[in-house]
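Inside the fold
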Amino acid sequence: MSESIEKIAELIVHSRRIVVFVGAGLSTESGIPDFRSPGGVWDKYDPQDFYFQRFLASESSREKYWQMATEMYEAMKDAKPNQAHLAIAELERLGKLDCLITQNIDGLHFKAGNSPDKVLELHGTAMHVTCLSCNKRYERDAIQGRIAAGDKAPRCDECKGPLKPATISFGQAMPARETQAAYDHSAACDLFIVIGSSLVVQPAAQMPLVAKQNGAKLVIINRDETACDAVADYVVSAQAGPTMAAVIERVRGATSVRD
Ligand SMILES: [Zn+2]
């Protein structure tokens, strides 16, 4: 494994346009439960209640949705970025990061220090709330304050439209701008690094292949096997945090020697 880490660090040092793609594995290493795992939130609720169409359909569905969303938010709002988040933020500071594509909704990349113009949130964010009628955006904490005060399905101050966390729900279209930008950056990079994703969800699974087909090197760091392992240049089957900490330490050493 340490040989792979050396090689990955070397690739980073010699690459000019790096795209990092991250998934749920990064969040679980920060103590955020995987909501789809047994014993998770989904076991207690009927997943059908969380389809976007149902959210639109009735006040009682919206109340159930907010009850579940509140529980999920409680589990993530105080989470701290781990070593992998910090390593990715350092890639940005070193001028190495072209773009970070994330499937996570917990906002930890921003807490780690990445800037909003570098991050594409494919599944939206739980840190904001939007009005489905006029698109007005609210801070999540402000709306959670209303929930705590007894409002079961909050509505927009401006237009009374239904408010929903700014996450992409089942049955809701992927954000068009972010998805297109993610493909464009994947096609144009020279190094694509997957961290903490098993690459099973579309369109995620396509992006490493798009990068590879356009000549990029592909690195995968994930605890379990992924669908793209066979075409990757380097695969590290390990936890993201310690692995990325070791990689970035070598990158730091190499870049300071060159300065
Ligand atoms: Zn509104």
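Above this text sits the structure in question.
This text gives an overview of the structure that appears in the document.

About the thresholds
Residues numbered from 1 in each chain as written. Predicted model: local features only at pLDDT ≥ 70, side-chain atom pairs only at ≥ 80, totals over all residues. Heavy atoms only, no water. Donors = N, O, S within 2.8 Å, 3.2 Å for Na, K, Ca; no water. Tetrahedral: all angles 85-135°; square planar, octahedral: opposite > 155°, others 65-115°. Helix = DSSP H or I, 4+ residues; strand = E, 2+ residues; numbered from the N terminus. Pairing = 2+ DSSP bridges. Axes fitted to C-alpha atoms, helices over the stretch in contact; angles between N-to-C directions. Contact = heavy atoms within 4.5 Å.

Let's talk about the coordination of the zinc ion
Binding of the zinc ion to the protein goes through C131 (SG), C134 (SG), C156 (SG) and C159 (SG), at separations of 2.2 to 2.3 Å. The coordination sphere of the zinc ion comprises four donor atoms, whose angles at the metal cover 97 to 115°; the geometry is tetrahedral. In the primary structure, the donors to the zinc ion are separated according to the pattern C-x2-C-x21-C-x2-C. Of the two residues, C134 sits in the loop between β4 (124-131) and β5 (137-139) while C159 sits in the loop between α8 (140-148) and β6 (163-167), which places them 25 residues apart along the sequence.

Structural notes on the sheet that holds β4
By definition, the strands of a sheet pair up through backbone hydrogen bonds, in either a parallel or an antiparallel sense. Ordered by their spatial adjacency, three strands build an open sheet running β5-β4-β6, and the pairing between neighbours is antiparallel. Lying at the two open borders of the sheet, with one neighbouring strand each, are β5 and β6. Taken over all neighbouring pairs, the strand axes of this sheet differ in orientation by 45° on average, direction set aside. In the packing of helix α5 (residues 59-76) onto the sheet, the strands contacted are β4 and β6, and the crossing angle to β6 comes to about 45°. Against the sheet, α8 contacts β4, β5 and β6, and its axis sits at roughly 75° relative to β5.

Section: the sheet that holds strand β7 (residues 191-195)
Strand order in the open sheet formed by six strands is β3-β2-β1-β7-β8-β9, with parallel pairing between adjacent strands. Strands with a single pairing partner mark the edges of an open sheet, and in this sheet they are β3 (119-121) and β9 (234-236). Ignoring strand direction, the axes of neighbouring strands in this sheet form an average angle of 15°. Judged from the three bridges that link them, strand β2 (residues 97-102) and β3 form a sheet pairing that is parallel. Bridged to I101 within β3 is L120. With respect to the sheet, helix α9 (residues 176-188) is in contact with β1 (18-22), β2, β3 and β7, its orientation differing from that of β3 by roughly 130°.

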